[in-house]
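So the chains spell out like this:
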Amino acid sequence: MANIFQSAQIVPGKAASPLAASMKAGTYAAENGAAGVQIHELFGRAICEMAAWHDTRSNVRRLIPKGSTAIEIAPSRWLIITEDQAVPAKLSGKIGDKGTVVDLSHGRTILKVSGAQSVWVLSKLFAIDFATMPLRSGLATSHHGITAQIWHEAENTFQIIIFRSLAESFFEALKAASSDVGYEIA
Amino acid sequence: MSGYRVEKGGSRIDRTDPVAFTIDGKQMFGVNGDTLASALMANGVSIVGRSFKYHRPRGLFAAGFEEPNALFTHMRDGVREPNLRATEIEIYDGMIVESQNRWPTLDHDLMAINQLGGKALAAGFYYKTFMGPVIGPLKGTRFWMFCEHFIRRAAGLGKAGTTPDASRYERVNAFCDVLVVGGRQEGVSQALAAAKDGSRVILCEQSAHALSTAQKDQLLVEGVQLLDRTCVWGWYDGNVLAAVERVTDHMRRPPKGMARQRHWVIRAGHVRLCTGALERPIIFPGNDRPGIMLASAALTYAENHGCLPGQKIAIFANNDSAYSAAQKLAKADANIVAIIDVRPKISEAAEQCAQAAGAKRITGRAVIGTRGKKRVREIHVAAWDLETGTAKGASDVIKCDTLLVSGGWSPVIHLASQKGEKPVWDNVLQAFCVPQKLNGMSAHGAAAGAFDFGDSLSPNPAPVLHIAYPGKAFVDLQHDVTADDVALAHREGFISVEHLKRYTTLGMATDQGKTSNIPALSIMADALGKPIPEVGTTRFRAPYTAVAIGTLAAERFGDLQPKRLTPMHERHIDAGARMYEAGLWMRPESYNQPGENVEQAYVREAKTVRTKVGMVDVSTLGKIDVQGPDAAIFLNRVYTNGFAKLQVGKARYGLMLREDGFAMDDGTTWRLAENRFLMTTTTANAAIVMQQMEKMLAVHWPDLRVHLTSVTDQWAGVAIAGPKSRDVLAKSVTGTAVDDMTLPFMGIVEGEIDGIPVMICRLSFSGELAFEVYCGAHHGEAMWDALMQAGQPLGMVPYGLEALGTLRIEKGHVTAAEIDGRTTASDLHLDWMLSKKKPFIGSAMIDREGLTDENRWTLVGVKSLNGAKLKAGSHLVASEAKEEPGWSLGHLTAMCFSPELNTYVALALLENGDTQKGRRLFATDPVRTGTHLPVEIIDHHMVDPEGTRMHG
Amino acid sequence: MRIACPFCGERDVAEFTYHGDADHSAKRPEPAQENSQAWNQWVYDRKNPAGEHRELWQHTGGCRGFMIVTRNTITHEIIKVERVGP
């Protein structure tokens, strides 16, 4: 019982992004012909939430797979993003009574925003001081009631993780916020 | 001839770059760098507005945000933006503006007849005439309702437009160590100093072109973020400041994609106020004639725009700053004929300035009146006694076309006042200043009362702000409040400054009394016989200046809330579904076939479910993963019924109460493993249930090892309902059987549909044999397609919210319409779910007197007796007489046309409902539809009360 | 208003949800006290002081954690923020 809840692997050819209809590749330049940011969706990643009990933090933290992105969104609770589809099931198998794992691969949408104007654009949507956000760090915040996690992947490169059902609305807001500096959809 | 452009001066304009604009349909020319105000002055326009009540002609009074008179409507692409100050509007080629509050034109306003009314429109006129009881034909609220239309037209501001605003607005979130408000010399120095100390600095300057190129370069080098055309208008808790940046308002063609205005939200470690000071007038009879303006304003027009307000300029002052202005104006070729000063003696330095200006000094005298039809032509001057504050002796006449006034200076301390800092009265400066110690904020330069008007000139005015003499002396120019109005209000008992302000509307116009505040206080102080600090001042409120609603809405303009879409959203659109906003969710209401209306569609869909099979998207149900060794104990406390002994692989319907014993939410919860449950909640309550459970775990039961995670978006779900639903699954599901043995009522199995892993639970909301099927959300469309394909040969149709509602109403199942926060489990016939064996949230409160009263409103069914359509929200009454319906006995919570009963039915909450079956009542809806319909009370289980269909 | 979440750091108040008087919230009566005065008090009685007040807040737009915010209801000054939970 409960196999698909432990791991809801994406079946090739059967999966569709919530942005499939609205995300049209191309350059939507600003007045000066520039595209200040690039936006693209990281579709098909395995995403899960792994949480420890208050006294098992170190046991659980050790389980974070190498090469994955792990954002500590709450004390001893990590959002783990990886290209390895097997990770949610593996973690569920390993964690035992030390904590819990919830597969969210279908429930979240990841938008990557990069480019010279990415901080300017994201500052319109989030009340976060991006200038002081360390590289390769993450946080949990929200835009107008849309819960979001943000990962500072590299200089001027961010991943925004949002609820799947709100992806379309957020994408619209992101495009509007980018329209003065221009954007390119990959 | 009045105002004009001189040959020299004008640091902000480019004389070689003419700009054409249209005002009231007439073309005029200014030059690049002009504000609308300076362009009007250069064109010799004297009358720039008509006053609020009396429609008196008014001219330019100031040069900045404090301007009370010159309000215009700006038009772009058919969109009107009314009530903009001409002093803030930067002209551009092709700009179109309209004057306001005049008919037919500014120069000839027929409504000026209101002036003859004079006394009748004094303070409290509206209250006295229109409010209170109806006595006779010409008094009271009813009379007001009759007159309102005419009065609103006569007294008012610009007209709002009806063309939708196509502009984009946006918010920008900013953070800094130091925010410098105001970018003149003081602000630039403060910003540079802070940046050199290593602070992150933002400098906001409200006007355009205030900083020189050299200053901008310096700021850039030091890393100061400069926001031009940006007015900081509000202070909020935690040093969060709001500012508006006018991004494209001055541009002929705004760049593609650019926001018109930006709403800056700045979180500042420290705020340095370099907001300067505002000159205020002296109030005297006839002080509102065009041509009478602040001395500093005339200087601004001369220095920035190369314009002079008139050819024969007189000055009336109580302080030295006016002398410095006179000298500078004379240098700009102004003809200063006289300086009248209330002080009997002036300083040597002031004397020298006056001489340099070539102006006649008239000391110890005051302006007691003015004349001139459309502009001041002469002023009347009499001896002034500083001791008694009275004019005496005969008056002289001075011919002039302009009178500049200077009553001293008030530091701009609005942001400190908004913060709650109590202003301190400085008797020497005759002004309210910020207190010495300001937490998280400091004032600098003129904003701190440190004035510098040049060598040896004193900033200290004589305490004369009002020349008491017969005649209309206007305190608040924009709201037409006179010194007599203030005195009258005082005589009528309005002695608190807050009351007086509201009764006279003084300082309540769009300029918020920026120039009138201190003179008004001085008049009140005179009336009360108290010094100004004892009269006190009102606290300033945000915004400092008017801000467009669109700017505040920012990125949400035209899109108030985000929308949530289910994984099958595109399929519903493709199938021609009418979409309905349910909270944030977009859900299909009905799948109308060509020629069908909503009712025909949902009746067809519901019938198909009852006779064959239908499929509905239930992905919106709240879904919470409840995991941990104590998950079962936790759910046993949260739900009213038992969950500890629920078998793995089974689901159970659960009910939750609030702590006060009222019903909160219901839903099914599935046990997926010993320590893992999938809880479903109603769509509407998902967030509330989650928060309540998180609170219990964090605050009250920290010993329980349970984790909660919202998985609403992780799973796409459909319900397949109807006698042929099992056939649909049998055709499409692999990897498991779906027969009654393998999948009994409330059983759960896993399998695959078209290669997609799914989980199936047999449960029913419709009362039919039904299943809920869940898969990963990304697979939602593929699963929907596969099930549709399997179901079509069996006659399956998709059904929407309306049919879903119909099926549940017929079955008597409750939703948020009945679990409305006022109903108990017993009211909804769910008392069988209240466990007697264990405590649960709300259990301690359910037996209270009021909750067990037999006359409580309980759930019943309602049937229309004459076939008329019922309306949810109608009240149930006993009286047949529509006009005298009597007491409400209950109300309808939801209605539909029932295909099973072949009439309109409803669910209702009815007083003592259990004993009312078969009773004839009336559903009355007096306000909306005006209907009063005969109904019969029936059982809430209208269809298959034994439940044989869903169990079969 | 800005609240310094003990986990996420200082954030805008819009990210937080207010859950009422914190001292009151802490004293949930034992379930056995059926219908007692204590339950009635707990469900209905709230302090509403002018001055310092201990309030229960949740960072719903962030880590979803709970915290007690000691806040002056007159000046809106936040004096202390303490995490609540296991």
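Look up: the structure comes first, before these words.
Small disclaimer: the values here were computed from a predicted structure and weren't measured. (Residues numbered from 1 in each chain as written. Chains lettered and ligands numbered in written order. Predicted model: local features only at pLDDT ≥ 70, side-chain atom pairs only at ≥ 80, totals over all residues.)

## Concerning the overall build of chain C
Looking only at helices and strands, chain C features two helices and six strands. Reading the secondary structure of chain C in the N-to-C direction produces β-β-β-α-α-β-β-β. On the principal axes, the C-alpha backbone points of chain C span a range of 40 × 30 × 20 Å. Burial statistics for chain C: of 86 residues in total, 31% are counted as buried. For chain C, long-range pairs separated by at least 24 residues make up 48% of all intrachain contacts whose partners lie at least 6 apart in sequence. (Helix = DSSP H or I, 4+ residues; strand = E, 2+ residues; numbered from the N terminus. Buried ≥ 20, exposed ≤ 12 C-beta atoms within 10 Å, placed from the backbone. Contact = placed C-beta atoms within 7 Å.)

## Some points on the overall build of chain A
Within chain A one finds five helices and eleven strands. A globule of 186 residues ought to have a C-alpha radius of gyration of about 16 Å, and chain A, at 17 Å, matches this closely. Projecting the C-alpha coordinates of chain A onto the three principal axes gives extents of approximately 55 × 40 × 30 Å. Looking at chain A residue by residue over its 186 residues, the buried ones come to 53%. Here the analysis covers contacts within chain A between residues at least 6 apart in sequence; of these, 69% occur between residues at least 24 apart. (Rg over C-alpha atoms; globule rule 2.2 N^0.38 Å.)

## Remarks on the interface of chain C and chain A
Facing the eleven residues of chain C at the interface are ten residues of chain A. Taken together, the residues that form the side of chain C that touches chain A break down as four nonpolar, three polar and four charged. (Nonpolar A, V, L, I, M, F, W, Y, C, P; charged D, E, K, R; others polar.)

## Some points on the pairing of strand S34 (residues 622–627) of chain B
All names here are of chain B. Counted residue by residue, S34 has six buried out of six residues, so it is predominantly covered. Both faces of S34 are covered, namely the face carrying Gly622, Ile624 and Val626 and the face carrying Lys623, Asp625 and Gln627. Two strands pair when backbone bridges link them, and S34 and strand S37 (residues 676–681) are joined in this way by six bridges, in the antiparallel orientation. Looking across to S37, one finds that Gly622 is bridged to Thr681. Across four bridges, the pairing between S34 and strand S38 (residues 707–710) is antiparallel. (Pairing = 2+ DSSP bridges.)

## Here we look at the nonpolar core
Residues and elements named next belong to chain B. Core analysis: the biggest nonpolar cluster contains 341 residues, and Ala243, Ile315, Ala326, Ile720 and Ile760 have the highest contact counts within it. Top element by residues in this core is strand S9 (residues 169–181). It accounts for eight residues. Not counting the four nearest positions on each side in its chain, Ile315 is found in contact with Ala295, Ala322, Ala326, Ile336, Ile339, Ile340 and Leu404. Residues Tyr169, Val247, Ala259 and Ala554 belong to the second largest nonpolar core, which totals five residues. (Core = buried A, V, L, I, M, F, W, Y, C linked by C-beta atoms within 7 Å.)

## Section: the sheet that holds strand S4 (residues 52–58) of chain C
Residue and element names in this part refer to chain C. The strand order across the open sheet formed by four strands is S3-S4-S5-S6, and the pairing between neighbours is antiparallel. Edge strands, defined here as strands with exactly one partner in the open sheet, are strand S3 (17–21) and strand S6 (78–84). Neighbouring strand axes in the sheet, compared pairwise and without regard to direction, differ in orientation by 30° on average. In this sheet, strand S5 (residues 66–72) lies alongside S4 in antiparallel orientation, the contact comprising seven bridges. Paired with His53 across the two strands is Arg71, which belongs to S5. (Axes fitted to C-alpha atoms, helices over the stretch in contact; angles between N-to-C directions.)

## Considering the packing of helix H7 (residues 295–305) of chain B against helix H8 (residues 321–331) of chain B
To characterise two packed helices, one gives the angle between the axes of the helices and the distance between these axes. Residue and element names in this part refer to chain B. Here H7 crosses H8 at 25°, and the two axes come no closer than 10 Å. Comparing the axis directions of H7 and H8 gives the class roughly parallel. Every pair of crossing elements has a handedness; the one defined by H7 and H8 is left-handed. From H7, Ala295, Ser296, Ala298, Leu299 and Ala302 reach across to H8, where they touch Ala322, Ala325, Lys328 and Leu329. Its residues assigned to classes, the contact of H7 with H8 comprises seven nonpolar, one polar and one charged. (Parallel < 35°, antiparallel > 145°, perpendicular 65-115°, else oblique. Left-handed = near helix turned anticlockwise from the far one by under 90°.)

## Overview of the pairing of strand S14 (residues 261–273) of chain B
Every regular strand shows the same layout, with side chains that alternate between the two sheet faces. Residues and elements named next belong to chain B. The buried count for S14 comes to eleven of 13 residues, which makes it a mostly enclosed element. Relative to S14, S9 is paired through twelve bridges, and the arrangement is parallel. Residue pairing for S14: Cys176 is matched across the bridge by Ala268. The pairing of strand S13 (residues 240–246) with S14 spans seven bridges and is antiparallel. Residue Val240 lies in a different strand from S14, and its bridge partner there is Arg267. Sheet topology note: the S14/strand S28 (residues 441–443) ladder contains three bridges and is parallel. Across the sheet, the residue bridging to Val271 is Met441, located in S28.

## Remarks on the sheet that holds strand S7 (residues 108–114) of chain A
All names here are of chain A. Taken in spatial order, the seven strands of this open sheet run S1-S11-S2-S7-S10-S9-S8, and their pairing is mixed. Looking at strand neighbours, the two that pair on one side only are strand S1 (26–28) and strand S8 (138–143), the edges of this open sheet. When strand polarity is set aside, the average angle formed by the axes of neighbouring strands in this sheet is 25°. Sheet topology note: the strand S2 (residues 37–41)/S7 ladder contains four bridges and is antiparallel. Paired with His40 across the two strands is Lys112, which belongs to S7. Contacts between helix H4 (residues 118–125) and the sheet are confined to S2, S7, S8 and strand S10 (157–163), with S7 contributing the most and set at about 135° to the helix. Contacts from helix H5 (residues 167–178) reach S2, S7, S8, strand S9 (146–154), S10 and strand S11 (183–185) within the one sheet, and its direction differs from that of S7 by about 10°.

## Considerations on the interface of chain A and chain B
One frequently used descriptor of interface size is the decrease in accessible area upon assembly of the parts. Between chain A and chain B, the contact holds 45 residues from the first and 48 residues from the second. When contributions to the side of chain A that touches chain B are tallied by element, the ones reaching two or more residues are helix H1 (3–6), strand S3 (46–52), strand S6 (99–103), H4 and H5 of chain A. Ranked by residue count, the leading element in the side of chain A that touches chain B is H5 of chain A, at six residues. When grouped by side-chain class, the residues that make up the side of chain A that touches chain B number 25 nonpolar, eleven polar and nine charged.

## A few points about the packing of helix H20 (residues 725–732) of chain B against helix H21 (residues 780–791) of chain B
All names here are of chain B. Two elements in contact, H20 and H21, have axes whose closest approach is 9 Å; the angle formed by their N-to-C orientations is 115°. Seen along the crossing, H20 lies across H21 with a hand that is right-handed. Judged by residue contacts, Val728, Lys731 and Ser732 of H20 engage Ala786, Leu787, Ala790 and Gly791 from H21.

## Quick look at helix H22 (residues 801–811) of chain B
Residues and elements named next belong to chain B. Of all eleven residues making up H22, ten are buried, and the element is well covered by its neighbours. For H22, the complete set of buried residues consists of Leu801, Glu802, Ala803, Leu804, Gly805, Thr806, Leu807, Ile809, Glu810 and Lys811. Buried residues belonging to H22 abut strand S31 (577–582), strand S32 (585–591), helix H17 (598–611), strand S33 (614–617), strand S47 (890–898) and strand S48 (903–911). Positive phi appears at Gly812, one or two residues downstream of H22, with a value of about 75°.

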